[in-house]
Amino acid sequence: MTLPMNSGAPAPEEPQDLVGIGIGPSNLSLAALAHPLTELRTAFYEQRPGFHWHPGLLIEGATLQVPFLADLVTLADPTSPWSFLNYQREQERLFPFYFAEKFHIQRSEYDAYCRWVSGQLPGLHFGHQVDAVRWNPERSLFEVDFTQLDAEGEAEALGRTYTRNVVLGVGTAPYVPQTLRPLVEVPGVPVIHAADYLAARDTLLAAEHVTVIGSGQSGAEIFLDLLKARPAGAEKIHWLARTEAFAPMEYSKLGLEHFTPDYTGYFHALPEAVRDRLVPAQWQLHKGIDTDTIAAIHEELYRRTLGGGWPDATLTPGVTVRTAGRVGATKVELHLEHAQQGTRSRLTTDAVVLATGYRERPLDQMLAGLDSYMRRDGSARPRISEDHRLLLDPSVTGSVYVQNAERHTHGVGAPDLGLMAWRSASILNTLTGNQPYVLPKRTAFTTFGLDPAALERREPERKGTLVPLKG
């Protein structure tokens, strides 16, 4: 079927300065901070019909793991009209919020705040699926091809826009381990990813026995929600995890300094092999469980012992799902292995929730038209500069920035909401060349590494306090 080109697309002679692909929190932050910069022409495209942030995990009472100051703009511009505090003022809720004394807000409130911003910012195009990005050497511009979708998600029109720069903010996708993918793909017994939890909650509560797999925050919240909703003494729920313990998130004040621009710059300067070793070793910085959630789980389990006996709930860390299959039409059989004991067993269950996290969306298909220009590292991943730009052939005079797709080069802070506004402001500073956002030179008490040059760049007045040793 041949579709008409979208007549509303910018004409080639009127290119955008920046086109954003994807409208999650990262690109919404960038759009909000770009809004007052009237010299910039921007447009952002998103295939979904509207903004929603992890709707399947907006469990009642679940909170963000970062303070509300990690909103779209505040850590770069506290005076922005798009701040969370201004949202509260506009909703006439500022005094109730003040008296609530909530530093960590509920996820549903963060989602509502982002939808409020997305509903007012100009230049956001929902229902637009970006299909390809190419470099046009004759025009010295990027071509961005998209498909405009109707309310049912069907193709309605094709379009193309031209831009000097691109920013990719396509986010992450739910990850399902290879051994469990056949179960998800076949209808019947409910085997769902945590991303779809709320939509499947009634079905899960009706199942006789439920298994939750995954030791992170989502797994803990789902286990707690199911536990509270199931009858005492007949909970019939298993919680399994590969990690050696249901471990708390590293939330000490100095530990949190791994989520600062200082650490990001230090990490980026490390050799590739060192970075690759560090990221998985630092799992407790971003994959642990909030201590309040752990406490709530223990409290709920303890409460169920007050009448005598123990709840029918099994929590087992250190377990890997080797294989899995269906038993009849109504059950799933999980083949388990305990790493420390070296033992194996089978678990039969009526429903499975996979709290197995998210992975960065692959960019290769969308950026196939730029493949010959891209520079890659030893693992064939895109090389990304410290200022969040893909390293491209010098013949490409425009820039492609990435947001939340650079953990391999920028470390565990790449997906963190607390670094989002700083990254957006950094991109805009680089893009405009005139520093519209003044960012701090130092953000951590910790000095990462023994590189005198790095210290001199950060604090010239301390020059000479470290001397590199020879040989």
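Everything numeric in this text was worked out from a predicted model, so none of it was measured.

A. Main features of the side chain of His408. Its place among the elements puts His408 in helix H11 (residues 407–410). In this structure His408 comes out as buried when scored by relative accessible area, which is 11%. There is a polar contact of 2.9 Å between the side chain of His408 and the backbone oxygen of Pro382. Sequence-distant contacts of His408, defined by excluding residues within four places in its chain, comprise Phe267, Arg275, Asp377, Arg381, Pro382 and Ile384.

B. Spotlight on the side chain of His209. Among the structural elements, His209 can be located in the loop between helix H6 (197–206) and strand E10 (210–213). In this structure His209 comes out as buried when scored by relative accessible area, which is 12%. In this structure the side chain of His209 is engaged in a polar contact, spanning 3.0 Å, whose partner is the side chain of His238. Apart from residues lying up to four places away in sequence, His209 is in contact with Arg230, Lys236, Ile237, His238, Leu347, Thr348, Thr349, Asp350 and Ala351.

C. Molecular detail of the pairing of strand E18 (residues 399–402). Residues Ser399 and Tyr401 of E18 are buried on one face, and the alternating residues Val400 and Val402, pointing to the opposite face, are buried as well. Pairing between strand E7 (residues 165–168) and E18: 4 bridges, direction parallel. Bridge pairing in E18 links Asn165 to Ser399.

D. Region of the structure containing the confidence of the model for the chain. Looking at the chain as a whole, the pLDDT averages 91, with 93% of positions reaching at least 70. Note that residues 1–12 has pLDDT below 50 and, in this model, 24 contacts with residues that lie over four places away or in other chains.

E. Seen up close, the sheet that holds strand E16 (residues 351–354). Spatially, 5 strands are ordered E9-E16-E10-E11-E12 in an open sheet, and the strand pairing comes out parallel. Edge strands, defined here as strands with exactly one partner in the open sheet, are strand E9 (191–193) and strand E12 (313–316). Adjacent strand axes in the sheet meet at a mean angle of 15 degrees, parallel and antiparallel pairs treated alike. The sheet contact formed by E9 and E16 spans 3 bridges and is parallel. Note on E16: the bridge partner recorded for His193 is Leu354. Together, E10, strand E11 (237–240), E12 and E16 form the strand contacts of helix H7 (residues 217–229), whose direction differs from that of E11 by roughly 170 degrees.

F. Inspection of the environment of Leu417 at higher detail. Relative to the helices and strands, Leu417 is located in the loop between H11 and helix H12 (420–432). In the structure, Leu417 is positioned 351 residues away from Val66 in sequence and 7.3 Å away in space, judged by C-alpha atoms. Dropping the residues within four chain positions of it, Leu417 is found in contact with Pro25, Trp53, Leu64, Val66, Ala70 and Tyr110.

G. Structural view of the packing of H7 against helix H10 (residues 291–303). Contact geometry for H7 and H10: axes closest at 10 Å, N-to-C directions at 25 degrees. With respect to each other, H7 and H10 are oriented roughly parallel. Read as a crossing pair, H7 and H10 show a hand that is left-handed. Contact residues: H7 offers Gln217, Ala220, Glu221, Phe223, Leu224, Leu227 and Lys228, while H10 offers Thr293, Ala296, Ile297, Glu300 and Leu301. Residue composition of the contact of H7 with H10, grouped by class: 7 nonpolar, 2 polar and 3 charged.

H. Molecular detail of the sheet that holds strand E1 (residues 18–21). Spatially, E3-E2-E1-E7-E18 is the arrangement adopted by the 5 strands of the open sheet, whose pairing is parallel. Bordering the open sheet on either side are strand E3 (124–126) and E18, each of which pairs with just one other strand. In this sheet, neighbouring strand axes are inclined to one another by 20 degrees on average, regardless of whether the strands run parallel or antiparallel. Relative to strand E2 (residues 42–46), E1 runs parallel, the two sharing 4 bridges. Each bridged residue has a counterpart across the sheet, and for Ile21 the counterpart in E2 is Tyr45. With respect to the sheet, H12 is in contact with E1, E7 and E18, its orientation differing from that of E18 by roughly 170 degrees.

Analysis parameters
Residues numbered from 1 in each chain as written. Predicted model: local features only at pLDDT ≥ 70, side-chain atom pairs only at ≥ 80, totals over all residues. Heavy atoms only, no water. Helix = DSSP H or I, 4+ residues; strand = E, 2+ residues; numbered from the N terminus. Buried < 20%, exposed > 50% of the residue type's maximum accessible area, 1.4 Å probe, protein only. Polar contact = N/O pair within 3.5 Å; in protein donor to acceptor, adjacent residues only side chain to side chain. Contact = heavy atoms within 4.5 Å. Pairing = 2+ DSSP bridges. pLDDT = per-residue confidence, 0-100. Axes fitted to C-alpha atoms, helices over the stretch in contact; angles between N-to-C directions. Parallel < 35°, antiparallel > 145°, perpendicular 65-115°, else oblique. Left-handed = near helix turned anticlockwise from the far one by under 90°. Nonpolar A, V, L, I, M, F, W, Y, C, P; charged D, E, K, R; others polar.

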